[in-house]
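# Coordinates in review
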Amino acid sequence: MAGPIPRIRGLPALAAAVFALASCVGISADVEILADGSGTAAVSYRVSRLVEAMGRTGGEEHWLPLPTIHSDFEKLAAEIEGLSLASFSTKSDDTDLSVEAVLRFSDLGALSRFLDSSGRAASIAENGDKRELKLRVSEGGGPLDPDLKRLVDTVFRGYSVSLRFKFPSVPSVRGGSVDQAARTARYEAPVAEILSSEKAIDWIATW
C-alpha cells in the first residue's frame, strides 16, 4: 500500500513525468508457450487508487498501459490476430484496482503483438531451431530528479513486475533466473526500481 504523497512543489509536473514512464502498475504475467508456438498468458495487475486518481487529474481516460474493463480487453483481442480472451475479472477496494485476465494466443506472432500492446517493445525472432524473446522492461533515462525519485518511491511502494514464462524446452536468459526442471524463466523487480533505472532494461529469453 502506498502512503501519502509527500508535499513537493511542482507536483503536477512531477506527476506528468511519472505517467510518461508508462509503468504505472504492479503486474504479474504467467505465460506458457507450447511446442507449436501457441499457448496462454495469465495476466494480473494492481493499480493504486492514488495513481488512478492522479491519472484522472491529468485528464487522460486511457492512460494505463493495459485495459481495465472487459470491453477494452475484448477490443484488444479483436484487434490482435490470433489472440482471444478466455476469462476476465476485476475487483477494487480503497487501496487498489485489481484486474485478472487469461488470454490464448495461436502463435508466437500473436504473443509478440500482445506484449507489444502493453507499451513495452517486444519481439520474437527465429534463427533455425532457436527462438529469442526480447522484452524492453524499461527505456531508462538517467538519474531521476531527487523530488521525482521520492515521489516514485512513495507512490509505487509495494508494487512489482513479475514475469514467468514456461517454454517447450529449457531456456537461457539475460536478466532474471531459470528453473531448468520446470523449463521456466523468470524476471522480477520493484516498479520503483524499474522507473528509476538509468539504463534501458531488456529481458531476453532463448529456447
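Please refer to the structure higher up on the page.
Rules behind the numbers
- Residues numbered from 1 in each chain as written.
- Predicted model: local features only at pLDDT ≥ 70, side-chain atom pairs only at ≥ 80, totals over all residues.
- Heavy atoms only, no water.
- Pairing = 2+ DSSP bridges.
- Helix = DSSP H or I, 4+ residues; strand = E, 2+ residues; numbered from the N terminus.
- Axes fitted to C-alpha atoms, helices over the stretch in contact; angles between N-to-C directions.
- Contact = heavy atoms within 4.5 Å.
- Buried < 20%, exposed > 50% of the residue type's maximum accessible area, 1.4 Å probe, protein only.
- Arc of directions from axis to C-beta.

Glancing now at the sheet that holds strand β11 (residues 201-206). Spatially, 4 strands are ordered β5-β6-β11-β8 in an open sheet, and the strand pairing comes out antiparallel. Lying at the two open borders of the sheet, with one neighbouring strand each, are β5 (122-127) and β8 (172-174). Here the average twist between neighbouring strands, direction ignored, is 15°. In this sheet, β11 lies alongside strand β6 (residues 130-138) in antiparallel orientation, the contact comprising 6 bridges. When the bridges of β11 are listed, L133 appears paired with A205. Across the sheet, helix α4 (residues 108-117) is in contact with β5 and β6; its angle to β5 comes to roughly 155°.

Inspection of the secondary structure assignment puts T184 in strand β10 (residues 184-190). Each C-alpha atom of the pair T184 and K166 lies 4.2 Å from the other, and the pair is 18 residues apart in sequence. In this structure, T184 is in contact with R164, F165, K166, P171, S177, V178 and D179, ignoring residues within four places of it in sequence.

Taken residue by residue, helix α5 (residues 146-155) has L148, L151, V152, T154 and V155 as its buried positions. All buried residues of α5 fall inside an arc of 165° around its axis, so they share one side.

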